Amino acid sequence: MPPEVWFARASAWDGDPQRWESAVDAYERVVALDADYAAAWNNLGLLQHRMGHYERAGECYQKALGADDSCCQAAFNLGSLHEDLGDFHSAITWYRLALEMQPDYADAHFNLAGVLGKLGRNESAARHWRRYLELDLGSPWAQIARSHLEGTEASVEDDE
């Protein structure tokens, strides 16, 4: 079967935790047939990440970037992986790279703002919360962003 067929199967299965192993197998078939299939590497990384296989997830995201150095989703996912592992400085680096690739990447602004806030870098966090809200005002995440922005702006005012 061509890689696109395996990719479609994997994509249909990767949202169901009971089918994750089948999805992993299908994505692995895709990249065995086409090692430069960045979306398959990225999605395989997402599954590995969800399954707690962090080292393998990182390898897959790196292979996605190797296959397509403009794969902002892989850079974003590396940020998320490092954030989950508590390596906030690396997470910031990856989120910023994702934003260099795609400046209007709302999720990267959201996650970067959150990490910056955790590190007490409130002015920078507020800037990214505001940008997120410019890009994604109507989603359910917007209320969370507004709440964080209000708290961050209050902290900045307290520092003055």
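About the cut-offs
The residue count restarts for each chain, going from 1 along the sequence in the order it is written. Note on the predicted model: pLDDT of at least 70 is required for a residue's local features to be given, and 80 or more for side-chain atom pairs to be given and counted; whole-chain, interface and lining totals, by contrast, use all residues. Excluding hydrogens and water, the side-chain values take into account all heavy atoms of the structure. Each salt bridge in this description consists of a side-chain nitrogen of Lys or Arg and a carboxyl oxygen of Asp or Glu lying within 4 Å of one another. Helix and strand assignments follow DSSP, with helices taken as H or I runs no shorter than four residues and strands as E runs no shorter than two, numbered in order from the N terminus. Note on exposure labels: buried denotes an accessible area under 20% of the residue type's maximum, exposed denotes more than 50%, and partly exposed covers the range between, all computed with a 1.4 Å probe on protein chains only. Here, nonpolar core refers to any group of buried Ala, Val, Leu, Ile, Met, Phe, Trp, Tyr and Cys residues whose side-chain atoms link them within 4.5 Å. Two residues form a contact once any of their heavy atoms are found within 4.5 Å. Working definition: rings of Phe, Tyr and Trp (its six-membered ring) pair if their centres are within 6.5 Å, and the pair is stacked with planes under 30 degrees apart, edge-to-face with planes over 60 apart, and tilted otherwise. Whether a charge sits over a ring comes down to the Lys NZ or Arg CZ being within 6 Å of the ring centre and within 35 degrees of the ring normal. Orientation is described by lines fitted to C-alpha atoms, with helices fitted over the stretch in contact, and by angles between N-to-C directions that extend from 0 to 180 degrees. Here the word oblique covers every angle except those under 35 degrees (roughly parallel), over 145 (roughly antiparallel) and from 65 to 115 (roughly perpendicular). Crossings are assigned a handedness: left-handed for a near helix turned anticlockwise from the far helix by less than a right angle, right-handed for a clockwise turn. Polarity classes work like this: nonpolar for Ala, Val, Leu, Ile, Met, Phe, Trp, Tyr, Cys and Pro, charged for Asp, Glu, Lys and Arg, and polar for all others, with Gly in that last group. Grid points spaced at 1 Å over the protein atoms alone were grouped into cavities, where a 1.4 Å probe fits but cannot get out, and pockets, open sets with protein on both sides within 12 Å along at least five of seven lines, with lining residues defined by an atom within 4 Å of a point. Grid points are joined across faces, edges and corners, and a volume is the space filled by probe spheres set on the points. The length a helix should cover is 1.5 Å for every residue beyond the first.

This paragraph deals with the pattern of salt bridges. For the structure shown, the criterion picks out 6 salt bridges. Of the charged contacts, one joins Glu59 and Arg56 as a salt bridge, the two residues approaching to 3.6 Å between their closest N and O atoms. Taken as a pair, Glu59 and Arg56 lie in helix H4 (residues 54-67) at a separation of 3 residues, close to a single helical turn. Owing to a relative accessible area of 36%, Glu59 belongs among the partly exposed residues under this scheme. Here Glu83 and Lys118 are joined by a salt bridge, their closest N and O atoms 3.0 Å apart. Within this pair, whereas Glu83 is found in helix H5 (residues 72-84), its partner Lys118 is found in helix H7 (residues 106-118), the two being separated by 35 residues in sequence. When salt bridges that share partners are traced, they join Glu28, Arg56 and Glu59 into one network.

Core analysis: the biggest nonpolar cluster contains 50 residues, and Tyr27, Ala40, Tyr105 and Trp129 have the highest contact counts within it. If near-sequence neighbours (up to four positions away) are discounted, Tyr27 is found in contact with Phe7, Ala10, Ser11, Asp14, Ala40, Asn43, Leu44 and Leu47.

Enumeration over the complete set of coordinates arrives at 7 aromatic pairs. Pairing Phe110 with Trp129 gives two aromatic rings, centres 5.0 Å apart and planes at 90°, and the pair type is edge-to-face. Here Phe110, found in helix H7, pairs with Trp129, found in helix H8 (residues 122-135); they are 19 residues apart in sequence, far enough to count as distant. Each member of the pair, Phe110 as well as Trp129, carries the same accessibility label: buried. Aromatic side chains Phe110 and Tyr132 sit 5.1 Å apart centroid to centroid with 70° between the ring planes, which places their arrangement in the edge-to-face category. One end of the pair, Phe110, is in helix H7; the other, Tyr132, is in helix H8, and 22 residues separate them in sequence. Each member of the pair, Phe110 together with Tyr132, is buried. Taken together, the ring pairs in this structure connect Phe110, Trp129, Tyr132 and Trp141 into an aromatic cluster. Lying over the aromatic face of Trp6, Arg9 brings its terminal NZ or CZ to 5.2 Å of the ring centre.

Another point: the packing of helix H1 (residues 3-13) against helix H2 (residues 20-33). One can describe the packing of H1 onto H2 by two numbers: an axis separation of 8 Å at closest approach and a directional angle of 160°. As the angle between them shows, H1 and H2 are arranged roughly antiparallel. As H1 packs across H2, the resulting crossing turns out to be left-handed. Residue-level inspection shows Pro3, Trp6, Phe7, Ala10, Ser11 and Trp13 of H1 in contact with H2, the latter providing Trp20, Ser22, Ala23, Ala26, Tyr27, Arg29, Val30 and Leu33. Per-class residue counts for the contact of H1 with H2 are 11 nonpolar, 2 polar and 1 charged.

Put simply, the largest pocket is a space of about 160 Å³. Every element with two or more residues in the lining of the largest pocket is listed here: H7, H8 and helix H9 (140-159).

Now for helix H3 (residues 38-50). Taking 1.5 Å per residue, 13 residues should reach 18 Å; H3 reaches 18 Å between its end C-alpha atoms and fits that length. Burial analysis of H3 places 10 of its 13 residues in the buried class, the great majority of the element. Within the span of H3, buried status applies to Ala38, Ala40, Trp41, Asn42, Asn43, Leu44, Gly45, Leu47, Gln48 and His49. In this fold, the buried residues of H3 make contact with H1, H2, H4 and H5. Phi turns positive one or two residues past the end of H3, at Gly52, with a value near 85°.

Function-wise, these values are silent; they only describe arrangement.
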